[in-house]
Amino acid sequence: MKIIKINCRQETNCSVAVGVWNYWDHEHVTIVHEGFKDFQILYEQSESVVILGTAKFPIFSFLTYSVVHTMVRVDENTLKGFNVMFGIPVRATIKITETKPDNSLYDMTYEFIV
């Protein structure tokens, strides 16, 4: 097995609390992210969630696919996500840190296990 690691960093003009809420508010996904048709919470506790998501393919929007996504809060500002997309296991780590009031840095690492 080989792990392909991609790191993305992005500074935003929102607080850390808003950024973490955006990742952890699972009910908003079908409203905000137009590609998702359905998002069902299968299991949830304060620090973990398992979700079944159904989305449209970007180019062939008449086709849909489903994915089971597990997310865990590691600490107040760090989330880990695990899923299998198109047969490829994906592990994601998202850390959000404050750079100044109402500004934050997203450090996102995606690991594709091929």
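Structural data are supplied above this passage.
In this text, all values refer to a predicted model and were calculated from it rather than measured experimentally.

Conventions we followed
- Residues numbered from 1 in each chain as written.
- Predicted model: local features only at pLDDT ≥ 70, side-chain atom pairs only at ≥ 80, totals over all residues.
- Heavy atoms only, no water.
- Phe/Tyr/Trp six-rings, centres within 6.5 Å; stacked < 30°, edge-to-face > 60°.
- Buried < 20%, exposed > 50% of the residue type's maximum accessible area, 1.4 Å probe, protein only.
- Lys NZ or Arg CZ within 6 Å of the ring centre and 35° of its normal.
- 1 Å grid on protein atoms, 1.4 Å probe; cavity = no way out; pocket = protein on both sides within 12 Å on 5 of 7 lines; lining within 4 Å.
- Points joined across faces, edges and corners; volume = space filled by probe spheres on them.
- Helix = DSSP H or I, 4+ residues; strand = E, 2+ residues; numbered from the N terminus.
- Pairing = 2+ DSSP bridges.
- Axes fitted to C-alpha atoms, helices over the stretch in contact; angles between N-to-C directions.
- Contact = heavy atoms within 4.5 Å.
- Disulfide = S-S within 2.5 Å.

All right, on to the packing of aromatic side chains then. Where two aromatic rings form a pair, the distance of their centres and the angle of their planes describe that pair. Under the criterion given, the structure shown has six aromatic pairs. An angle of 80 degrees between the planes, with centres 5.2 Å apart, marks the rings of F36 and F39 as edge-to-face. Residue F36 is classed as partly exposed on the basis of its relative accessible area, which comes to 27%. Here F39 falls in the partly exposed class, since its relative accessible area comes to 23%. Between F57 and Y65, the aromatic rings sit 5.1 Å apart at their centres with planes inclined by 55 degrees, giving tilted as the arrangement. Directly above the ring of W24 sits R73, whose terminal nitrogen or CZ lies 5.8 Å from the centroid.

A few words on the layout of surface pockets. Taken as a whole, the largest pocket encloses approximately 700 Å³ of empty space. For the largest pocket, the lining is made up of 27 residues, of which Y23, F36, F39, H69 and M71 are closest to its centre. Taken together, the elements giving at least two residues each to the lining of the largest pocket come down to α1 (16-24), β2 (36-45), β4 (64-75), β5 (78-85), β6 (88-100) and β7 (103-113).

Bringing the sheet that holds β2 into the picture now. Strands sit in the order β1-β7-β6-β5-β4-β3-β2 across an open sheet of seven strands; the sheet is antiparallel. On the outer flanks of this sheet lie β1 (3-12) and β2, each paired with one strand and no other. Each neighbouring strand pair of the sheet contributes to a mean axis angle of 20 degrees, computed without reference to strand direction. Sheet topology note: the β5/β6 ladder contains eight bridges and is antiparallel. By the bridge assignment for β6, G81 is matched with A92. In the packing of α1 onto the sheet, the strands contacted are β2, β3 (48-56), β4, β5, β6 and β7, and the crossing angle to β6 comes to about 160 degrees.

What follows concerns the state of the cysteines. As used in these notes, a disulfide is a covalent bond between sulfur atoms, one from each of two cysteines. Considering all chains together, one arrives at zero disulfides under this definition. With no disulfide partner, C8 has as its closest neighbouring cysteine sulfur the one in C14, 16 Å distant.

Bringing the pairing of β4 into the picture now. Bridge count for β3 against β4 is nine bridges, and the pairing is antiparallel. Bridging across to β4, L52 finds its partner in V68. Summarising the sheet, β4 and β5 pair through six bridges and their orientation is antiparallel. Each residue of the ladder has a partner; that of D75, found in β5, is T78. Between β4 and β5, which pair antiparallel in sequence order, lie two residues.

Glancing now at unusual backbone geometry. With a phi close to 55 degrees, F86 is a non-glycine residue in the positive phi region. Take F86: it is sitting in the loop between β5 and β6. One non-glycine residue with positive phi stands out, namely D102, at about 60 degrees. When you line up the elements, D102 lands in the loop between β6 and β7.

By themselves, these observations are geometric and do not establish any function.
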